[in-house]
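# Report on the structure
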Amino acid sequence: MIAQFSIVPLGAGASVSSYVAKVIKIVDESGLSYRFHAMGTIVEGEWDQIMNLIKKCRDTLMNEVERVIIDIKIDDRKGTTGRIEQKIKSVEEKLGRSLKK
């Protein structure tokens, strides 16, 4: 399955990049395949792996702030892996070019 999630700490001020960096470090250390972008992170793995990862990210931020908003979108498909890259490659093939800049 792949999941896109974002965690927004409330009351942390206008810039939250230090919190984002803490979350991305946790995601990176998880060993799961992921990509982050300006509005969230996409991660691939099994249900328990992803839910435990999001909980760990949440718990880390809750040690520093009083409230977080978590948005999760899940695409669960049996028997497939490598879907993050496959989805990007499929669109790039249809465009006839790479989207990486």
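Owing to the predicted nature of the structure, the values given are computational and were not obtained by experimental measurement.

Conventions we followed
Residues numbered from 1 in each chain as written. Predicted model: local features only at pLDDT ≥ 70, side-chain atom pairs only at ≥ 80, totals over all residues. Heavy atoms only, no water. Helix = DSSP H or I, 4+ residues; strand = E, 2+ residues; numbered from the N terminus. Buried < 20%, exposed > 50% of the residue type's maximum accessible area, 1.4 Å probe, protein only. Contact = heavy atoms within 4.5 Å. pLDDT = per-residue confidence, 0-100. Salt bridge = Lys/Arg side-chain N within 4 Å of Asp/Glu carboxyl O. Core = buried A, V, L, I, M, F, W, Y, C linked by side-chain atoms within 4.5 Å. 1 Å grid on protein atoms, 1.4 Å probe; cavity = no way out; pocket = protein on both sides within 12 Å on 5 of 7 lines; lining within 4 Å. Points joined across faces, edges and corners; volume = space filled by probe spheres on them. Nonpolar A, V, L, I, M, F, W, Y, C, P; charged D, E, K, R; others polar. Expected span 1.5 Å × (residues − 1).

### So, the overall build of the chain
On a plain count of helices and strands, the chain comes out with 3 helices and 4 strands. If you list the helices and strands of the chain from N to C, you get β-α-β-β-α-β-α. Along the longest, intermediate and shortest principal axes, the C-alpha atoms of the chain span 45 × 30 × 20 Å. Within the span of the chain, comprising 101 residues, buried residues form 28% of the whole. Residue pairs at least 24 apart in sequence account for 66% of intrachain contacts in the chain once pairs closer than 6 positions are excluded.

### Some words on the confidence of the model for the chain
Here the chain averages 92 in pLDDT, and 99% of its residues register 70 or above. Across the chain, the element-wise mean pLDDT spans from 87 in helix H3 (residues 83-95) up to 98 in helix H2 (residues 47-62).

### Section: the pattern of salt bridges
By the definition in use, this model includes 7 salt bridges. Residue Lys55 is joined to Asp59 by a salt bridge in which the shortest nitrogen-to-oxygen separation is 2.6 Å. Separated by 4 residues within a single helix, Lys55 and Asp59 lie in helix H2, roughly one turn from each other. On the basis of relative accessibility, which here comes to 47%, the residue Lys55 falls in the partly exposed class. In this structure, a network of salt bridges that share partners links the residues Lys55, Arg58 and Asp59.

### Some thoughts on the nonpolar core
Nonpolar side chains in soluble globular proteins tend to be buried together. One finds Phe5, Val43, Ile50, Leu53 and Cys57 to be the most contacted residues of the largest nonpolar core, which totals 17 residues. At the level of secondary structure, the elements contributing two or more residues to this core comprise strand S1 (2-9), helix H1 (17-30) and H2. It is H2 that provides the largest number of residues to this core, a total of 5 residues. When sequence neighbours within four positions are dropped, the list of residues in contact with Phe5 reads Val23, Val27, Gly40, Thr41, Val43, Ile54, Cys57, Asp71 and Ile72.

### Quick look at the layout of surface pockets
If you add up the space inside the largest pocket, you get close to 290 Å³. Along the walls of the largest pocket sit 16 residues, with Ser6, Ile7, Val20, Met39 and Gly40 positioned nearest its centre. Those elements giving two or more residues to the lining of the largest pocket turn out to be S1, H1, strand S2 (33-37) and strand S3 (40-44). Partitioned by chemical class, the residues of the lining of the largest pocket number 12 nonpolar, 4 polar and no charged. By volume, the second largest pocket amounts to about 210 Å³. Forming the boundary of the second largest pocket are 13 residues, of which Ile2, Gln4, His37, Ile42 and Ile84 lie nearest the centre. For the lining of the second largest pocket, the elements supplying multiple residues, two or more each, are S1, S2, strand S4 (68-75) and H3. Looking at the lining of the second largest pocket residue by residue, the classes come out as 7 nonpolar, 2 polar and 4 charged.

### A few points about H3
Across its 13 residues, H3 extends 18 Å between first and last C-alpha, which sits within 8% of the 18 Å expected from 1.5 Å per residue. The complete set of buried residues in H3 reads Arg83, Ile84 and Glu92.

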